[in-house]
Amino acid sequence: MALEQLSDVVQRCQSLPSDGYKTEDHNVFMIAGRTCIEEGNSAQVLSIVLDEKNQDIVRCMGWNLLPPLIQVLLKKEDKHLPQCVAIFNHLLETCQPKELLIGLLEQLEQDDPDTFAARVHLLMKPLQKVLLCLGCRKASSLGMTLSSMLDQVAKMPLPRTKEQEEDDVFSLCRCCTDLINFVEPFVQEARQSLQNSKSQSKDASGGHKEDELHTELLKFCMKTLSHPLLEVQLRDPDTLPLSPLRTFATEILNILGAIGESLPNLVHQPLQRKPVPGFLEEEVRYPKESLASLAHLVFVHHLAVDTYPTVFSPIFCLRWNVEHVSLLLSRSEESKLQKGLELYEKSLVRVDDGSLPADLLEIKTFLTVPQDLVKVMTMCPRQDLRTKGLKVFQLSIDKFNTEAKYSFFQCMLKTSNHSGVEGYIIKNIKNQIDIALQPGQSNCWFEGIHLLPLLHKVLLLPDGPETDLLQYLDRIMESLNLLRYLVIRDKVTENQASIWTELYKIEDTFMKPLRVGLNMSRAHYEMELQKMRNTKKNKGESILHVSVSGEKLPNGTSETQIEALQSALYTFDMIESVLVRIEELTDV
């Protein structure tokens, strides 16, 4: 029935001019032709399609046969595959490029997770061929095609291990290779246009088309830098000598250079803030995440590093890269956090210790990045990233000069809001004071009158005697260790750190409130411990709910609750032992 309908409509249309075909003719040809292919009559359809008398009909209507043909091509094992391949190839040669493009894109965008990779691989070359037939009108169609392709690539799982990339278990690597091959002729055209524009003046229309092609290729590169390149972890040549994803990243950077984009200018883009002529606004034309990904490829993986001027100083490069680091560390995705840490570390290691001046801290990002590092160190689920965050945090401290360290410590004590981080900062302050008190190492920031404001910020209980000593344990212990160090190291007769002249203030604002807080906390916990023991004696082993200072301890057996209360009392003893030692030293 379908074959008869197809033959009838073709025979009827043979005598008509192409502009005489009715809507009904198009519909019958589409439905009957697709049904014939689906029912296995591909040989007969091929005969009709190849018939010289039917070429005008095929040119106008043939593209409607694409859906069932592509289904057969995807299956591969179909016995009618040779005939379907022949029909498909003839359509590509005969049909109107615009209609073919629409039909192919419709098939590319089919939402079938099992065929994403196969569809992209199958349709790359046909789409490339169709686009090349469009001549100077191809730029917008190229952009639409690349966007559809990248949308499909974004749906594919990413390789997380070396083995997954080597074996290409998700077919992402093959698709990335196909993408590079797909854009190659268009990149060559853009490169030639760029060279021509340098050697001769452009007319208005020619320049417009060149801009369009450049813009679409730039959008493609920016989008690939954001995904998949910002999401995957590239492996060094030592780990994976032949890495398809590393090759893909290299080719993307090469394309940027070929179309006239300067990699150093792109890395520096966030701070240039200059209007960019063209079809896109600056932040759309150069998405920040894409530029951060680019900086990571250049400075961490050293891709296209030969295009980057060696005259740029490490501090100059750090100044630009910190903008990208700030963006990456402000994200929640672990892949972006990892790349932010790697980029910051690579940017810092090239800088000499103690060389970053204090005026850098007047730049907002040099303060927001450490605050983002604190979030990574304290909140990131992955321990390796928390450890890396602490390492990079210390590295950044080491690179500041003495004045900058002083200002940095003041800022972090004010903004970190985390006892562990505050304790870590206080430990660094102690180290800097120790250096300043060494013979020949004197500086004005960590001794004498400059040190006092910093000491008063350190030697302070956040909530006075009512401070939660367990919550602020890290800060309190490091503060006590610092104070003990100072009264031992800084002799009364020398008083380099001015600790002895300020001791009476420190006693009033820190030591006495701490003593009161210790006594209150110990009494409270001892009372709760006694209640627990009495409850256990009267009721035996059971699940208990206990509150201390209005807060519930974790539910557990009476034994675990008793252990928790005893542990708190041991902590109070530890704090008191250091406090007593300081009191003994100051009394002497």
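Residues numbered from 1 in each chain as written. Predicted model: local features only at pLDDT ≥ 70, side-chain atom pairs only at ≥ 80, totals over all residues. Heavy atoms only, no water.

1. Describing the overall build of the chain
Within the chain one finds 26 helices and 4 strands. For the chain, the C-alpha radius of gyration of 35 Å lies well beyond 25 Å, the compact-globule estimate for 588 residues. Along the first, second and third principal axes, the C-alpha atoms of the chain reach 115 × 75 × 40 Å. In the chain, 72% of the contacts between residues at least 6 apart in sequence involve partners at least 24 apart. Carbon and sulfur atoms form 51% of the exposed surface of the chain, whose accessible area is close to 28,100 Å². (Helix = DSSP H or I, 4+ residues; strand = E, 2+ residues; numbered from the N terminus. Rg over C-alpha atoms; globule rule 2.2 N^0.38 Å. Contact = heavy atoms within 4.5 Å. Areas by Shrake-Rupley, 256 points an atom, 1.4 Å probe, with all protein chains shown as cover.)

2. Examining the environment of N417
By the secondary structure assignment, N417 is in the loop between helix 21 (402-415) and helix 22 (419-436). N417 gets classed as exposed once you look at its relative accessible area, which sits at 67%. Along the chain, N417 and Q371 lie 46 residues apart, while their C-alpha atoms are 10.0 Å from each other. Here the side chain of N417 touches T415 through a polar contact of 3.3 Å, landing on its backbone oxygen. (Buried < 20%, exposed > 50% of the residue type's maximum accessible area, 1.4 Å probe, protein only. Polar contact = N/O pair within 3.5 Å; in protein donor to acceptor, adjacent residues only side chain to side chain.)

3. Topic: helix 20 (residues 383-399)
Between its first and last C-alpha, helix 20 extends 25 Å over 17 residues, near the 24 Å set by a 1.5 Å rise per residue. For helix 20, the set of buried residues is L385, G389, V392, F393, Q394, L395, S396, I397 and K399. Of the surrounding secondary structure, the elements contacted by the buried residues of helix 20 are helix 18 (334-349), helix 19 (365-379), helix 21 and helix 22. (Expected span 1.5 Å × (residues − 1).)

4. Side note on the state of the cysteines
Taken as a whole, this structure holds 0 disulfides when the rule is applied. With no disulfide of its own, C84 lies 11 Å from the sulfur of C36, the closest cysteine sulfur. On the basis of relative accessibility, which here comes to 0%, the residue C84 falls in the buried class. C60 supplies the cysteine sulfur nearest to C95, a cysteine that is in no disulfide, at a spacing of 8.8 Å. For C95, a relative accessible area of 6% gives the class buried. (Disulfide = S-S within 2.5 Å.)

5. Notes on unusual backbone geometry
The step from H227 to P228 runs through a cis peptide bond, and the omega angle for that step is 15°. At D168, a residue that is not glycine, the phi angle is positive and equals roughly 50°. The residue D168 is located in the loop between helix 10 (162-167) and helix 11 (172-199) in this model. Unusually for a residue other than glycine, S171 sits at a positive phi of about 65°. Take S171: it is sitting in the loop between helix 10 and helix 11.

6. So, the packing of helix 5 (residues 66-75) against helix 6 (residues 81-94)
Packing of helix 5 against helix 6 brings their axes to within 9 Å, and their N-to-C directions diverge by 135°. The angle between helix 5 and helix 6 falls in the class oblique. Considering the relative orientation of helix 5 and helix 6, their crossing is left-handed. Residues L66, L69, I70, V72 and L73 of helix 5 form the contact with helix 6, whose own contacting residues are L81, C84, V85, I87, F88 and L91. Broken down by class, the residue content of the contact of helix 5 with helix 6 amounts to 11 nonpolar, no polar and no charged. (Axes fitted to C-alpha atoms, helices over the stretch in contact; angles between N-to-C directions. Parallel < 35°, antiparallel > 145°, perpendicular 65-115°, else oblique. Left-handed = near helix turned anticlockwise from the far one by under 90°. Nonpolar A, V, L, I, M, F, W, Y, C, P; charged D, E, K, R; others polar.)

7. Quick word on the pattern of salt bridges
Applying the stated criterion to the full structure yields 25 salt bridges. Across the pair E165 and R235 runs a salt bridge, and its minimum N-O distance is 3.5 Å. Of this pair, E165 sits in helix 10 while R235 sits in the loop between helix 12 (204-226) and helix 13 (244-258); the two residues are 70 residues apart in sequence, bridging distant segments of the chain. Exposure remark for E165: the relative accessible area of 1% places this residue in the buried category. E323 is paired through a salt bridge with R319; the nearest N and O atoms lie 2.9 Å apart. Remark: R319 and E323 occur in helix 17 (residues 314-329); sequence separation between them is 4 residues, near one turn of the helix. (Salt bridge = Lys/Arg side-chain N within 4 Å of Asp/Glu carboxyl O.)

8. What to know about the side chain of E447
Among the secondary structure elements, E447 is positioned in the loop between helix 22 and helix 23 (448-458). Here E447 is buried and forms no salt bridge, its nearest opposite-charge partner R489 lying at an N-O distance of 8.8 Å. A distance of 3.2 Å separates the side chain of E447 from the backbone nitrogen of N443, its partner in a polar contact. With residues near it in sequence (within four places) discarded, E447 still touches A436, L437, S442, Q496 and A497. (Lys, Arg positive; Asp, Glu negative; His and termini not counted.)

9. Focus on the environment of L66
Residue placement: L66 occurs in helix 5. Using a relative accessible area of 0% as the deciding quantity, one classes L66 as buried. Excluding residues within four positions of it along the chain, L66 makes contact with F88, L91, L100, G103 and L104.

10. A word on the packing of aromatic side chains
By the definition in use, this model includes 13 aromatic pairs. Measuring from ring centre to ring centre gives 5.5 Å for Y308 and F312, while their planes differ by 85°; the resulting arrangement is edge-to-face. Of the residues examined, Y308 reaches a relative accessible area of 9% and is grouped as buried. Among the aromatic side chains, those forming a connected cluster through ring pairs are F393, F400, Y406, F408, F409, Y424, W445 and F446. Just above the ring of Y485 sits the side chain of K430; from NZ or CZ to the centre is 5.1 Å. (Phe/Tyr/Trp six-rings, centres within 6.5 Å; stacked < 30°, edge-to-face > 60°. Lys NZ or Arg CZ within 6 Å of the ring centre and 35° of its normal.)

11. Re the nonpolar core
Generally speaking, a soluble globular protein has its nonpolar side chains buried in company with each other. Formed by 176 residues in total, the largest nonpolar core has its most connected members in F182, L253, I433, L480 and L514. In terms of residue count, the dominant contributor to this core is helix 11 (11 residues). Every residue in contact with L480, bar those within four places of it in the chain, is listed here: F510, L514, I575, V578, L579 and I582. (Core = buried A, V, L, I, M, F, W, Y, C linked by side-chain atoms within 4.5 Å.)

12. Brief notes about helix 8 (residues 116-132)
For helix 8, built from 17 residues, the straight-helix expectation of 24 Å at 1.5 Å per residue is met to within 8% by its first-to-last C-alpha distance of 24 Å. At L123, helix 8 shows its strongest bend, of approximately 40°, with the proline P126 following within four residues. In the core, the buried residues of helix 8 are packed alongside helix 5, helix 6, helix 7 (97-108), helix 9 (138-154) and helix 11. (Bend = angle between axes of the 7 residues up to and from the residue.)

These figures come from the coordinates and say nothing about function on their own.
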